[in-house]
Amino acid sequence: MKTIRLTAAQAMVKYLAAQKNESGEAYIAGCWAIFGHGNVAGLGEALYGVRDQLPTYRGHNEQTMAHTAIAYAKQLRRARAMMVTSSIGPGATNMVTACALAYVNRLPVLMVPGDVFAHRGPDPVLQQPENFSDGTVTATDTFRPVSRYFDRITRPEQLLTALPRAMRVMTDPAECGPVTLAFCQDVQAEAYDWPEAFFDERVWHRRVPPPDPAELARVADLLKTAKHPVIVAGGGVHYGYATDALRAFAEAHRVPVVETQAGKSALPWDHPMNLGPVGVTGASSANEVCGKADLVLGVGTRFQDFTTGSWSLFRAPGRKLVSLNIQPYDAMKHGAVPLSADAKAGLEALSAALKGKTFDVPSATLKADWFAKVDPLTDAPGEGNQKPTDMQVVGAVQRAAGPDTVVMCAAGTMPGELHKLWKAGRPGSYHMEYGFSCMGYEIAGAIGIKMAEPDRDVVCFTGDGTYMMANSELATACMMGISFTLIITDNRGFGCINRLQMGTGGEEFNNLLDTAHHVNPSAIDFVAHAGSMGAKAVKAGSITELEEHLAKAKDHNGVYAIVIDTDPYPSTPHGGSWWEVGVPEVSDRPKVRAAREVYETRRKDQSAV
Ligand SMILES: Cc1ncc(C[n+]2csc(CCOP(=O)(O)OP(=O)(O)O)c2C)c(N)n1
Ligand SMILES: [Mg+2]
């Protein structure tokens, strides 16, 4: 056997550089790294050696640089991924939140935190949390519950099994998620005689499993007896490259489609079969159809509570639930009749089994009514001194956007407003991280989207709260010459949670800056802050000024940050559905008691399984 002598770290990156996707591209498109004593000498030296095939990028924070990697994979529908490496202690645990984000959203990322010395010579090494009763526990054990595959590399040759497993998990459409290979720092630097064949180029194909014939027959029979079915389109429609198949299915059988946060843009907003966004942040058109549906067909959806209205939305007596999902865990949720298959293959097979059957199309006035209600909210305001609303900001961005613009966000007011109001033109134009809804995904995520699709305009929405939580990758974007438009809606605090607090009977408390403990009123200069990191930063004093800046931002090279003050109180009152939030059973405050009564009533709408 021909061998080649390399360190374990050199072998890892050489192997990764040889892994390809079906299009012949490097599957691991790059590595985000913040070095420390657990990775600088081993992995750092190895990454330098492959910098031409597998470029290394430097972030400012381990969590957010991992967000960039994850957003990159999401925007490319999981066709490529990135590696992220950190030192052994706080650098590693900083990445755990991002790892959980990838885990929830079923997105691939390769986490390579450094780890303690396998030989334990210098124990306890700097940053080693010592466990008194278990010598094998290290900081990186915190990744275990949020990794689809976890391994600790304590001998070089373990990579011979660990790396192919890592690739399989990231490229498998059902199991897809983050992989953590915790890499002991002495092992990174240790040499081994590797079989040369280990580094042969390998292509990883996306599995496309067809449905089981018996499952398909059961689901087709159910659908044939339905009168008013609805399709709930989730993220799996995008990741399964099934947007065309969905459209063909909806058109051929006249089945209305509603879209989750991850599924939005599966069909164009104005497609007659697209009834709009579903659930807590949904349109009345979509939710009304769901309320009356006698059969709900989920396609690539996890059925999280924002989609199902905490399972109060699909409330027609005797309604059936079918879940077409490549992951059997999702296909059997809440009593669903499973159709465990690739979304595209499943839809095509189901369409053939339905033999041209068509259903009654919901009345077109449902959508017309919805837009008649919400369109005026996004119009530019007339004269007056009132603060703009977040809906008006969405409207201005929409008017400036082209068909290729990608809007993105993750937490705060904007995910709800965008889900309800944004008119997505084509697949991939709406990028919402709403599985983990992680404040701080936004700016870092925008970098990943732009790296994935450099030719598309990217608009990143962030609230002042999210901006304050994680803004440092703005400096990375500027340093890397990444261009996007950053909209900072400054409503002086956590506006959406303040509204949630008020809506559950709470007193305004600890959300907006002015109702939080303070000695001096908060006075953050967002323009100066963003500008100091290299962005072109401006303040828009009105929607008109916002529109002027959006026009300029289009041709701007670099990040164009527009700060606009918005009113924290209004949000789109139309549409939506109940969302279960635990309201106190006992309180001295009448408002809380009233909210509890509503809560108990609404819980009765919740389906039992
Ligand atoms: C990391 C993280 N912490 C806390 C939350 C809970 N949370 C969701 S939105 C939000 C406030 C967001 O404030 P801001 O970004 O200013 O948006 P606004 O609602 O004011 O527009 C909070 C605290 C979260 N989603 N993520
Ligand atoms: Mg805010």
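Remember, it's a predicted structure, so these values are computed and weren't measured experimentally.

Quick notes on the rules
Residues numbered from 1 in each chain as written. Chains lettered and ligands numbered in written order. Predicted model: local features only at pLDDT ≥ 70, side-chain atom pairs only at ≥ 80, totals over all residues. Heavy atoms only, no water. Helix = DSSP H or I, 4+ residues; strand = E, 2+ residues; numbered from the N terminus. Rg over C-alpha atoms; globule rule 2.2 N^0.38 Å. Buried < 20%, exposed > 50% of the residue type's maximum accessible area, 1.4 Å probe, protein only. Donors = N, O, S within 2.8 Å, 3.2 Å for Na, K, Ca; no water. Near = heavy atom within 4 Å. Polar contact = N/O pair within 3.5 Å; in protein donor to acceptor, adjacent residues only side chain to side chain. Areas by Shrake-Rupley, 256 points an atom, 1.4 Å probe, with all protein chains shown as cover. Pairing = 2+ DSSP bridges. Axes fitted to C-alpha atoms, helices over the stretch in contact; angles between N-to-C directions. 1 Å grid on protein atoms, 1.4 Å probe; cavity = no way out; pocket = protein on both sides within 12 Å on 5 of 7 lines; lining within 4 Å. Points joined across faces, edges and corners; volume = space filled by probe spheres on them.

Within the protein, the secondary structure is distributed over 24 helices and 22 strands. By the compact-globule yardstick of 25 Å for 609 residues, the protein fits well, its C-alpha radius of gyration being 25 Å. Each principal axis of the C-alpha distribution contributes one length, and for the protein these read about 70 × 65 × 55 Å. The 609 residues of the protein split such that 58% are buried.

This next bit is on the coordination of the magnesium ion (ligand 2). Surrounding the magnesium ion (ligand 2) are the protein donor atoms Asp464 (OD), Asn491 (OD1) and Gly493 (O), at 2.0 Å. Read from N- to C-terminus, the donor residues coordinating the magnesium ion (ligand 2) fall into the pattern D-x26-N-x1-G. An identical accessibility class is assigned to Asn491 and Gly493; each is buried.

Moving on, we get to the site of ligand 1. Looking at ligand 1, there are 16 residues lining it, with Thr413, Ser437, Gly465, Gly493 and Gly495 nearest. Taking Cys496, its main chain carries an N or O atom lying 2.9 Å from an oxygen atom of ligand 1. Contact with the protein chains hides 78% of the accessible area of ligand 1, taken as 590 Å² for the molecule alone. Those elements that place two or more of their residues in the shell around ligand 1 are α19 (464-469) and α21 (495-503). Ranked by residue count, the leading element in the shell around ligand 1 is α19, at four residues.

Strand order in the open sheet formed by six strands is β13-β12-β11-β14-β15-β16, with parallel pairing between adjacent strands. A strand with exactly one partner marks an edge of an open sheet, and here the two such strands are β13 (274-277) and β16 (337-339). Between one strand axis and the next, the sheet turns through 20° on average, direction left out of account. The pairing of strand β11 (residues 229-233) with strand β14 (residues 295-299) spans five bridges and is parallel. Considered in β14, the bridge of Pro229 is made with Leu295.

On to empty space enclosed by the protein, then. Rolled over the atoms, a probe as big as a water molecule pinpoints where empty space is left. Overall, the coordinates contain two cavities of 30 Å³ or more when judged by the stated rule. Looking at the largest cavity, its volume works out to about 500 Å³. Looking at the largest cavity, it is lined by 38 residues, and the ones nearest its centre are Gly235, Gly236, Tyr239, Gly300 and Arg302. Among the secondary structure elements, those contributing two or more residues to the lining of the largest cavity are α5 (96-105), α9 (235-239) and α12 (305-308). Counting residues per element, the lining of the largest cavity draws most heavily on α9, at three residues.

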